[in-house]
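Understanding the architecture of this molecule
Here are the chains, one letter per residue:
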Amino acid sequence: MAAFAMLVTLVAGCSGGSDMKPTITIKQANQRVEDHLTRVREALPVEARYELKRAEEQGPCLDPTDGGSNKRVVANRSYEVLGLPKENIPSYFTAVKAWAGTHDFRVLDNNRPNEYLWLENNTDSFRMAMQANDLGKLYLIASSPCVWPDGTPAPEAAALEAPAQEIVAQPVTPPVQKPRKTRPPVDDEDFAQTDWTDEDTY
């Protein structure tokens, strides 16, 4: 569950440029996620093993930081790091943070040092995180920015971005109402002789 919560955090803040610009495809985003996760492993001991815990090849673009379309999608992965002694976990965070500084990643957050390290690539805006929990479990997580599935904006999303046409209100001439007929006064003595069936008199 800890890895899933961290994954939601990564995806919820997905970044990128204008949402109407072409992007890489979701297939390319999936490959790049794996590439980043493979590269960061060089900062960890060689005896480490990696077990895939969660993968979304085309997840939802939740609350994009560019304020753009949620019709876009993201790629993300979560791996548990196995085979390493938990007492050495602080040194693993130190090693990954040092690796990030020489591989074009910047630190977004280092909440509770040695428990959570959040990184973003300066070139492609892909994000990675390293997280340890109270049980001594260690996770590596990565997510892509929000991208269009085929790399180009969806037609319906582009239509929503089109400027609205100004509508000029036309003057409306009110209909001419037929004057209401009025009935002449009726004397009490003529009441019984008056014809009340003429509807126009109402």
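Structure shown above.
My aim in this report is to walk through the structure given alongside it, one point at a time. (Residues numbered from 1 in each chain as written. Predicted model: local features only at pLDDT ≥ 70, side-chain atom pairs only at ≥ 80, totals over all residues. Heavy atoms only, no water.)

So, the pattern of salt bridges
Scanning the entire structure with this criterion turns up eight salt bridges. The residue E56 makes a salt bridge to R54 at a minimum N-O spacing of 3.8 Å. By relative accessible area, which is 23% here, E56 ends up partly exposed. Using a relative accessible area of 31% as the deciding quantity, one classes R54 as partly exposed. The shortest N-O distance in the salt bridge between E120 and R127 comes to 2.6 Å. Its relative accessible area of 6% is what places E120 among the buried residues. Taking the relative accessible area as the measure of exposure, R127 reaches 11% and is therefore buried. (Salt bridge = Lys/Arg side-chain N within 4 Å of Asp/Glu carboxyl O. Buried < 20%, exposed > 50% of the residue type's maximum accessible area, 1.4 Å probe, protein only.)

Digging into the environment of R41
With respect to the helices and strands, the residue R41 is situated in the loop between helix 2 (26–40) and strand 1 (49–60). As a C-alpha pair, R41 and V96 span 55 residues in sequence and 8.5 Å in three-dimensional space. Not counting the four nearest positions on each side in its chain, R41 is found in contact with Y50 and Y79. (Helix = DSSP H or I, 4+ residues; strand = E, 2+ residues; numbered from the N terminus. Contact = heavy atoms within 4.5 Å.)

So, the state of the cysteines
Scanning the entire structure with this criterion turns up one disulfide. At a sulfur-sulfur separation of 2.1 Å, the disulfide partner of C61 is C146. What sets the handedness of the C61 and C146 disulfide is the S-S torsion sign, and at about 85° it is right-handed. Separated by 85 residues along the polypeptide, C61 in the loop between strand 1 and strand 2 (73–82) and C146 in the loop between strand 6 (138–143) and helix 4 (155–161) bring together distant segments of the chain. Take C61 and C146: they sit in the same class, and that class is buried. (Disulfide = S-S within 2.5 Å.)

Some remarks on the packing of aromatic side chains
Tallied over the full model, the rule gives two aromatic pairs. On the basis of an interplanar angle of 35° and a centroid distance of 5.6 Å, the ring pair of W99 and F105 is categorised as tilted. Like F105, W99 is buried. Ring centres of Y116 and W118 lie 6.4 Å apart, and the angle between their planes is 25°; this geometry places the pair in the stacked category. You can call Y116 buried: its relative accessible area is 12%. If you follow R41 out to its NZ or CZ, it ends over the ring of Y50, 4.0 Å from the centre. (Phe/Tyr/Trp six-rings, centres within 6.5 Å; stacked < 30°, edge-to-face > 60°. Lys NZ or Arg CZ within 6 Å of the ring centre and 35° of its normal.)

Structural notes on the side chain of E120
Relative to the assigned elements, E120 resides in strand 4 (residues 116–121). Side-chain polar atoms of E120 contact the side chain of R106, separated by 2.7 Å. A distance of 2.6 Å separates a polar atom in the side chain of E120 from a polar atom in the side chain of R127. (Polar contact = N/O pair within 3.5 Å; in protein donor to acceptor, adjacent residues only side chain to side chain.)

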